[in-house]
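Fold and geometry: a report
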Amino acid sequence: MLLALTPALTLFLLLTPIAAGLTGTLLPAFGWLPVVGATRFSLEPWRILLVEPGLWRSLTLTLWTGFATTALALLLALALLATCQHTRWLERIRRALAPLLATPHAALALGLAFLIAPSGWLARWLSPWATGWDRPPDFAAFGPQDPWGVSLILALILKETPYLLFMSLAGLGQLPAGALLTVARSLGYGPVTAFLKVVLPQLYPLIRLPVFAALAFALTVVDVALIIGPSTPPTLAVQALRWFNHPDLHWRLPAAAAAILLTLLTVCSLAGWEGVVRLLARFSRPWLTHGGRGGAGHGFRRLALGAGGLALALASLSVLALFLWSFARRWSFPLVWPEQLTLENWSGQTHQLLEVGWNTFAIGAAATLLALLLSIDCLEHETRRRLTVSGRSLWLLYLPLLVPQVGFLFGVQVLLAWSGLDGGWPALVWTHLLFVLPYVFLSLADPWRAFDRRYEHTALALGASPIRTFWRIKLPMLRGPVAVAAAVGFAVSVAQYLPTLFAGAGRYATISTEAVTLASGANRRIIGVYAVAQAALPLLGFGLALWVARRRER
Amino acid sequence: MSGGGSQTLILAGVCISLQHRPLFPPLNLTVHPGEVVTVMGPSGCGKSTLLSYVCGTLAPAFQAEGAVRLGGRDLAGLPLERRRVGILFQDALLFPHLSVAENLAFGLPSGLSRRERQRRVADALLDAELAGLGGRDPAMLSGGQRARVALLRTLLSEPEALVLDEPFSRLDAGLRARMRTFIFEHARQCGLPTLLVTHDSADAQAAGGPVITLGASAAD
């Protein structure tokens, strides 16, 4: 059967674009890009990059937003777990996660911009009675006037906290966390201290890769930074993209150098983060056993729930603001609600929406289907051979999430253009697959491994063939996890911006690329339409998945 | 080993219901210092639920009434960590990220001098027949060694009562007898009122104290 070849094929599909892409970025970074007539290796691109006046500012901004986002999001996620682990709040948090995870980060960033802009919803609530503004004030709370990228950090935290919470909850599921906490508490430890001293040291190794992925994402994200990040100078990823899109194609050489610089920066940042975590672990070791019991942690819990609630409120209001704008006809400042509602924003876009919607759906569906096939085949192979994915292959799976998109998608584009494959469907689906596959595999792996193989053995003993057993017994029993994994994969694909841009060679627009492109304009009604559409597609997917999962077997 | 002293554990009219159906008739029970009372019954009779009520970890689905007093303190409404009730489970649940000695030190109260902490941990290691092996990874210990460390870790936290949730059921037969002696003797020496839940009558016999049998529930 083909089964034996699948793991190798999967790794090939994941790793070749990354390796080839990095090479394809490295070559122009050192002066070799025949398309623009550059055929001599040199350090000239680096010289141009290094004398760029905004470079150091870009670098510090990138590091600051990346580390601040990840540290705060991880802190909030762990604080919620530490203070709510033993309470009914945990279930409520779990339920609030799904819609937040499904909302694409670009839509959330656009909504947040609508909320906190000087003419945004929050300002409207406070105007003119509190602020005295009857016209939108003449400054921007984000964009050029937000040199420290506070809005960018906030937008990323809204997405990364649910992600880290979700991965931590999955990690806790692999530990006897409840029993360990009970033991520690019976020894007199307060619940929060018990979590920090007993559970966290065992949990962190299980969420190390997701934390790395979050840090790499925050350091290298393009779409959110384009929407809500500072622009003079922007983060390094956005700067690289600007040069790459420069009308003068020679700018692609320093663009490639910037992409390589960002890749190095990411590698160093991950190493630095890990170093700090290890230092913290070493220096906190005596604290673990010096006997301090800690208190009941009620104040700490209120603080964590307050911060979590604030994040949830901001995210919900952001989505609501998008929704309102997409139906608003007149909505002048400082009115809190639109004066008139209309369907025209939507109906005027029907043609365009259907076209980009179809592209989005088709790419997402194809990438998800492929990812499902490959993941299920790999997992089946693993079960039959009684192999488990070791730590090292898990790293390989995470690689597309750790290597900056800008870093290797540049090169992928260069290679695609060189081979004449750019702008084709296969290239588009393949690049989406790089990001869809890890998530689909990760969400399928646990249920697949937990499946009680005695059901299969029973069916086989009753005389069913292995193939029949798989289709009639195992797959129907696991249809819930399969449906959820498909929804996750689809949501990941819908949210992709850069892969579509680069692999599609600008020939294919998806809802994401449209929404991000529109974001630089000022028409909030149309932005609202596309952002709502972007958020609605994954939600539909999850709704469908839940329906499939709950449907009773005929 | 210094125990918490001589407290009495009293259960007065304790009754636990699930969906308004009582699991067992109201229970009155006095456990004197150093005494081991065994609660027996088939699975589903509510004996483990009773233990979780004493510890303060009763699942919210249950309704419970009746008082639990320990040395004059009313335990009602107190969180687990303030009851001073030590718990031992089927599994030793040693913390895998800490060494054997660190697991023991985890039980010690705060505020002791460094020298005193080291002395008490060394004594406990000696008691567990693990002298000199404090630096070991708990995963390297045998089942019996793990169970002894778990008990001593609990005793180092100076509890005022001990609750044992089928602590011998995972041990093989030969080890079981030795662990019974080890645990019951320590409980007696420390003067701890001890509540033992088991379905093995040999455990009850070895405990030597009163035995209470909870009937099978209607749902069983």
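For the structure itself, look to the data block above.
Scope of this entry: the structure provided in the associated data block.

Quick notes on the rules
Residues numbered from 1 in each chain as written. Chains lettered and ligands numbered in written order. Predicted model: local features only at pLDDT ≥ 70, side-chain atom pairs only at ≥ 80, totals over all residues. Heavy atoms only, no water. Contact = heavy atoms within 4.5 Å. Buried area = accessible area lost by both parts, 1.4 Å probe. Salt bridge = Lys/Arg side-chain N within 4 Å of Asp/Glu carboxyl O. Helix = DSSP H or I, 4+ residues; strand = E, 2+ residues; numbered from the N terminus. Core = buried A, V, L, I, M, F, W, Y, C linked by side-chain atoms within 4.5 Å. Buried < 20%, exposed > 50% of the residue type's maximum accessible area, 1.4 Å probe, protein only. Phe/Tyr/Trp six-rings, centres within 6.5 Å; stacked < 30°, edge-to-face > 60°. Lys NZ or Arg CZ within 6 Å of the ring centre and 35° of its normal. Pairing = 2+ DSSP bridges. Axes fitted to C-alpha atoms, helices over the stretch in contact; angles between N-to-C directions. Expected span 1.5 Å × (residues − 1).

1. Some details on the interface of chain B and chain A
Size of an interface: often given as the accessible area lost when the parts come together. Of the residues lining the interface, 25 residues belong to chain B; the matching set on chain A comes to 24 residues. Both faces combined, the contact of chain B with chain A buries some 2,100 Å², and carbon together with sulfur accounts for 64% of it. Looking only at chain B, the three residues that lose the most surface to chain A are Glu81(B), His97(B) and Phe106(B), adding up to 35% of its buried area. Across the chain B-chain A interface, the total number found is 2 salt bridges. We note a salt bridge from Arg185(A) to Glu81(B), for which the minimum N-O separation is 2.7 Å. Where the side of chain B that touches chain A is concerned, the elements lending two or more residues are strand 7 (85–88), helix 2 (100–107) and helix 4 (143–156) of chain B.

2. A few points about the nonpolar core
With 169 residues, the main nonpolar core has Leu203(A), Ile228(A), Val406(A), Leu444(A) and Trp448(A) as its most contacted residues. Ranked by the residues each element gives to this core, the list is headed by helix 9 (residues 191–220) of chain A, at 18 residues. When near neighbours in sequence (up to four residues on either side) are disregarded, Leu203(A) contacts Leu78(A), Leu81(A), Ser168(A), Gly171(A), Leu172(A), Leu175(A) and Phe195(A). The next biggest cluster of nonpolar side chains, apart from the first, holds 35 residues, and it includes Ala105(B), Ala128(B), Cys190(B) and Ala207(B).

3. Some words on the packing of aromatic side chains
If you walk through the whole model with that rule in mind, you get 25 aromatic pairs over all chains. With centroids separated by 5.3 Å and ring planes inclined at 65°, the aromatic side chains of Phe410(A) and Phe502(A) adopt a geometry described as edge-to-face. Residue Phe410(A) is located in helix 17 (residues 405–419), and its partner Phe502(A) is located in helix 22 (residues 498–503); the two are separated by 92 residues in the primary sequence. The burial state of Phe410(A) is the same as that of Phe502(A); both residues are buried. Site record: aromatic cluster; members linked through ring pairs are Phe114(A), Trp121(A), Trp125(A), Trp325(A), Trp331(A) and Trp337(A). Directly above the ring of Trp148(A) sits Arg57(A), whose terminal nitrogen or CZ lies 4.9 Å from the centroid. Seen from the ring of Phe168(B), Arg180(B) lies directly overhead, with NZ or CZ sitting 5.9 Å from the centre.

4. Regarding the pattern of salt bridges
Residues and elements named next belong to chain B. Overall, the coordinates contain 24 salt bridges over all chains when judged by the stated rule. The partner of Asp-91 in a salt bridge is Arg-170, with the nearest N and O atoms 2.7 Å apart. Residue Asp-91 is located in the loop between strand 7 and helix 2, and its partner Arg-170 is located in the loop between strand 8 (161–165) and helix 5 (173–189); the two are separated by 79 residues in the primary sequence. It is possible to trace a salt-bridge network through shared partners that takes in Glu-116, Arg-119, Arg-120, Asp-123 and Glu-158.

5. Description of the environment of Glu129(B)
Residues and elements named next belong to chain B. If you trace the backbone, Glu-129 turns up in the loop between helix 3 (114–127) and helix 4. Assessed through its relative accessible area of 52%, Glu-129 is described here as exposed. Distance from Glu-129 to Met-179, taken between C-alpha atoms, is 13 Å for residues 50 residues apart in sequence. Every residue in contact with Glu-129, bar those within four places of it in the chain, is listed here: Arg-148 and Arg-178.

6. Things to note about the side chain of Thr154(B)
Topologically, Thr154(B) is positioned in helix 4. Excluding residues that lie within four positions of it along the chain, Thr154(B) makes contacts with Leu187(A), Gly86(B), Ile87(B), Leu88(B), Pro159(B) and Leu162(B).

7. As for the sheet that holds strand 7 of chain B
Residues and elements named next belong to chain B. Taking strand neighbours across the sheet as the criterion, the 5 strands line up as 7-8-9-4-10 in an open arrangement whose pairing is parallel. Two strands lie at the open edges of the sheet, namely strand 7 and strand 10 (211–213), each paired on one side alone. Geometrically, the sheet is characterised by an average inter-axis angle of 20° between neighbouring strands, direction not taken into account. Where strand 8 and strand 9 (residues 194–197) come together, 4 bridges link them in parallel fashion. Considered in strand 9, the bridge of Leu-164 is made with Leu-196. Here helix 1 (residues 47–55) sits on the sheet in contact with strand 4 (36–40), strand 7, strand 8 and strand 9, set at roughly 150° to strand 8. Helix-sheet contacts for helix 4 involve strand 7 and strand 8, and the interaxial angle to strand 7 is about 170°.

8. Some words on helix 20 (residues 466–477) of chain A
Given a rise of 1.5 Å per residue, 12 residues ought to cover 16 Å, and the 15 Å separating the end C-alpha atoms of helix 20 of chain A matches this to within 8%. Elements in contact with the buried residues of helix 20 of chain A: helix 15 (350–385), helix 18 (425–450), helix 19 (454–461) and helix 21 (479–495) of chain A.

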